[in-house]
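# Coordinates in review
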Amino acid sequence: MQRRELYNIYWSIMQHPFKKVSVIGLGYIGLPTAAILATHGIEVVGVDINPHAIETINQGKIHIVEPDLEAMVHSAVMNGKLKAVAKPEPAECFIIAVPTPFKEGHKPDLSYIESAAKSIAPVLKPGNLVILESTSPVGSTEKLAEWLAPLDLDFAYCPERVLPGHILREIVGNDRIIGGLTPKGALRAKQLYQIFVKGECLITDARTAEMTKLTENAFRDVNIAFANELSLICDELKINVWELIRFANRHPRVKILQPGPGVGGHCIAVDPWFIVDSAPRSARLIKTAREVNDSKPHYVLSQVKDKLKNIKNPTVACLGLSFKADIDDIRESPALEIVEHLAKEKMHLLVVEPHLEKLPKSLCLPHVKMTRLDEAVRAADLVVLLVNHRKFAELDRSFLQGKLILDTRGVFA
Ligand code: SAJ
């Protein structure tokens, strides 16, 4: 496209600032995005299929756990700038932020995106901008455009990159990758994100933006797999992996991540599979990394059994259930997977999870009890640390004397 032509598009876009935006999917990404747009003066209509989420948000409260988000949602709702509804209504821009899990055989499941597209189709008008934020396989934005054809719309793919627990800081501060199906789609999406993003908004095509998001999470997965593989090698060679990594990281160009009981959450444990699915013959390292990380919970289980081999009817303290430190999210959590397996063995378990009020349903069993940290450690033969919550690091080490310990995160090391 000629410079002049781009300039004309840019000029015409600038004449039409966004006044009303709809966000489809009010979860960990959609709700903060909706709230931050609303606090910048945009009229925002959030759409969700979950009646509980709608009701909670319209009361100025939130149905998820994220620091400072409730205050922002509360003020946006009270100022009349944000409302949650079940049925989409007309707007100038639609941001789709729905889940993209995988199904059988690690194949991406785009059904939530397809449903979102179908739900907005009746209210779309020519000239509307549709942005996909959900982490998606390469080609998904093109598919979205096909589902919504033949309407005259602009499309862009703009992946979220925020870290749970730090969403409000990162949603503003992080750079944004904006991939348009056309240059006009990209420029219009940039105009929208610039309302609240203080980082740079970098423009590309939709396929590159889709792959950028997948690459970031695959990069992290491969690096965690390296650390997890090192932990196995170190166990075999009787070396303390935490000390090893600390020393290796003193090299100016080495930055090894931390081993753990496996990789959890709904992003890093999922997204690399989208690359493997799209390019199975080439994505060998990425696939192996997934397998290394997915096998770690089984390795931890074998370590537990080994530690307990001489103890009859042992009591095991399991410290942590969430998928990572200092959050309440147990989706795809390796800690939960390990505790569920131990529970199936009918072991007497004392579970400590300071971020949950009660045990998840799968652990509501007579031989599994949720307790305080000191209580669990005092009664346990074996203490298995699964999540590096700050509270666990603060434990008085004298409680651990005489206990068998399996520390999968190097907190007590
Ligand atoms: N983990 C380790 N060792 C490490 C780091 C992490 O075992 O050294 C484990 C964690 O315990 C957890 C899993 O990896 O089980 C994932 O945690 P995380 O903190 O690495 O990532 P998420 O899933 O919370 O968020 C990631 C982020 N992506 C990257 O850092 C590249 C975030 O920026 C993305 O926005 C998010 O995925 C997403 O939504 O895709």
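Only a predicted model underlies this, so the values are computations on that prediction, with no experimental measurement involved.

Turning our attention to the domain arrangement of the protein chain. Splitting the protein chain by domain gives domain 1 (3-199) and domain 2 (216-407). The C-alpha centroid of domain 2 is placed 34 Å from the C-alpha centroid of domain 1. Facing 14 residues of domain 1, the contacting portion of domain 2 comprises 12 residues. Around 1,300 Å² of area is buried between domain 1 and domain 2 when both sides are counted, 58% of it from carbon and sulfur atoms. Counting across the domain 1 and domain 2 interface gives 2 salt bridges. The shortest N-O distance in the salt bridge between D277 and K107 comes to 2.6 Å. Our enumeration of links across domain 1 and domain 2 arrives at 2 residue pairs in polar contact (both at pLDDT 80 or more). Here the side of domain 1 that touches domain 2 is composed, by residue class, of 8 nonpolar, 4 polar and 2 charged.

A word on helix α10 (residues 241-248). Turning to α10, its buried residues number three or more, namely V241, W242 and I245. On an axial view of α10, the arc spanned by its buried residues comes to 100°, and they lie on one face. Within α10, the exposed residues directed more than 90 degrees away from the buried face are R246 and F247. On its buried face, α10 is in contact with α9 (206-237) and β15 (404-407). Between the side-chain oxygen at the start of α10 and the backbone nitrogen of W242 there is a gap of 2.9 Å, and the oxygen is on N240.

Our next topic: helix α12 (residues 284-307). With 24 residues, α12 should reach 34 Å at 1.5 Å per residue; the first-to-last C-alpha distance of 34 Å fits that figure. Of all the bends in α12, the greatest, near 30°, is centred on K296, and the proline P297 appears no more than four residues after it. Next to the buried residues of α12 lie α9, α11 (271-278), α13 (334-344), β14 (382-385) and β15.

Bringing the site of the ligand into the picture now. The ligand sits among 20 residues. The nearest are E160, V162, K213, R220 and F323. Between the ligand and R220 there is a distance of 2.4 Å, counted from an oxygen atom to a side-chain nitrogen or oxygen. Q258 is positioned such that a nitrogen or oxygen atom in its backbone is 2.7 Å from a nitrogen atom of the ligand. Out of a free accessible area of 770 Å², the ligand has 89% covered by protein chains. Broken down by element, the residue count for the shell around the ligand peaks at 5 residues, all from α9. Of the residues contributing to the shell around the ligand, the split by class is 9 nonpolar, 3 polar and 8 charged. The residue makeup of the shell around the ligand includes at least three contributed by each of domain 1 (3-199) and domain 2 (216-407).

Here we come to the sheet that holds strand β4 (residues 93-96). The 8 strands lie next to each other as β3-β2-β1-β4-β7-β8-β9-β10, forming an open sheet whose pairing is mixed. Whereas interior strands pair on both sides, the edge strands pair on one side only; in this sheet they are β3 (82-85) and β10 (201-205). Going from strand to strand, the sheet's axes swing by 25° on average, the running direction of each strand aside. Relative to strand β8 (residues 154-157), strand β7 (residues 129-132) runs parallel, the two sharing 4 bridges. Directly across from L129, in β8, lies its bridge partner D154. Of the strands in this sheet, β1 (20-24), β4, β7, β8, β9 (176-180) and β10 touch helix α8 (residues 183-193), which is tilted by about 150° from β9.

On the basis of which strands lie adjacent, the open sheet formed by 5 strands has the order β13-β12-β11-β14-β15 and parallel pairing. If you trace the sheet from one side to the other, it starts and ends with β13 (368-370) and β15, each paired once. In this sheet, adjacent strand axes meet at a mean angle of 20° when their direction is disregarded. Pairing between strand β12 (residues 348-352) and β13: 3 bridges, direction parallel.

Here we come to the nonpolar core. With 44 residues, the main nonpolar core has V21, V73, L82, I95, I131 and Y193 as its most contacted residues. A total of 6 residues in this core trace back to one element, the largest contributor, which is helix α2 (residues 30-38). When near neighbours in sequence (up to four residues on either side) are disregarded, I95 contacts V21, S22, V23, I24, T33, L37, I131, E133, L192 and Y193. Core analysis: the second largest hydrophobic core is formed by 26 residues, A91, L124, L132 and F155 among them.

Rules of the game
- Residue numbering note: each chain is counted from 1, following its sequence as written.
- Given that the model is predicted, a residue must reach a pLDDT of at least 70 before its local features are reported, and side-chain atom pairs must reach 80 or more before they are shown or counted; all residues, however, enter totals for whole chains, interfaces and linings.
- To get the side-chain values, take all heavy atoms of the structure and skip hydrogens and water.
- Here the bounds of each domain stem from an automatic or database domain assignment.
- Whether two residues touch is decided by their heavy atoms; if any such pair falls within 4.5 Å, the residues are in contact.
- What gets called buried area is simply the loss in accessible area from a 1.4 Å probe that two parts show on being joined, summed for both.
- When a carboxyl oxygen of Asp or Glu is within 4 Å of a side-chain nitrogen of Lys or Arg, the pair counts as a salt bridge.
- Polar contact is the term for a pair of N or O atoms within 3.5 Å; when the atoms are in protein, one must be able to donate a hydrogen and the other to accept it, and sequence-neighboring residues count only if both atoms are side-chain atoms.
- Side-chain classes are defined by residue name, with Ala, Val, Leu, Ile, Met, Phe, Trp, Tyr, Cys and Pro counting as nonpolar, Asp, Glu, Lys and Arg as charged, and the others, Gly among them, as polar.
- Categorising residues by exposure relies on relative accessible area from a 1.4 Å probe, with only protein chains included: less than 20% of the type maximum marks a residue as buried, more than 50% marks it as exposed, and the intermediate range marks it as partly exposed.
- Numbering of helices and strands runs from the N terminus, with a helix taken as a DSSP run of H or I at least four residues long and a strand as a DSSP run of E at least two residues long.
- The directions considered for the arc run from the helix axis to the C-beta atoms.
- By this rule the span expected of a helix is its residue count minus one, scaled by 1.5 Å.
- The bend at a residue is defined as the angle formed between two axes, one fitted to the seven residues ending at that residue and one fitted to the seven starting there.
- By convention in these notes, a residue is near a molecule or strand provided one of its non-hydrogen atoms lies within 4 Å of it.
- Reported accessibility uses the Shrake-Rupley method at a 1.4 Å probe radius. Residues are deemed covered only where the shown protein chains occlude them.
- Here, strands pair whenever DSSP counts at least two bridges between them.
- Fitted lines through C-alpha atoms give the axes, limited to the stretch in contact for helices. The angle between two N-to-C directions lies from 0 to 180 degrees.
- For the purposes of this section, nonpolar cores are sets of buried Ala, Val, Leu, Ile, Met, Phe, Trp, Tyr and Cys residues that join through side-chain atoms within 4.5 Å.

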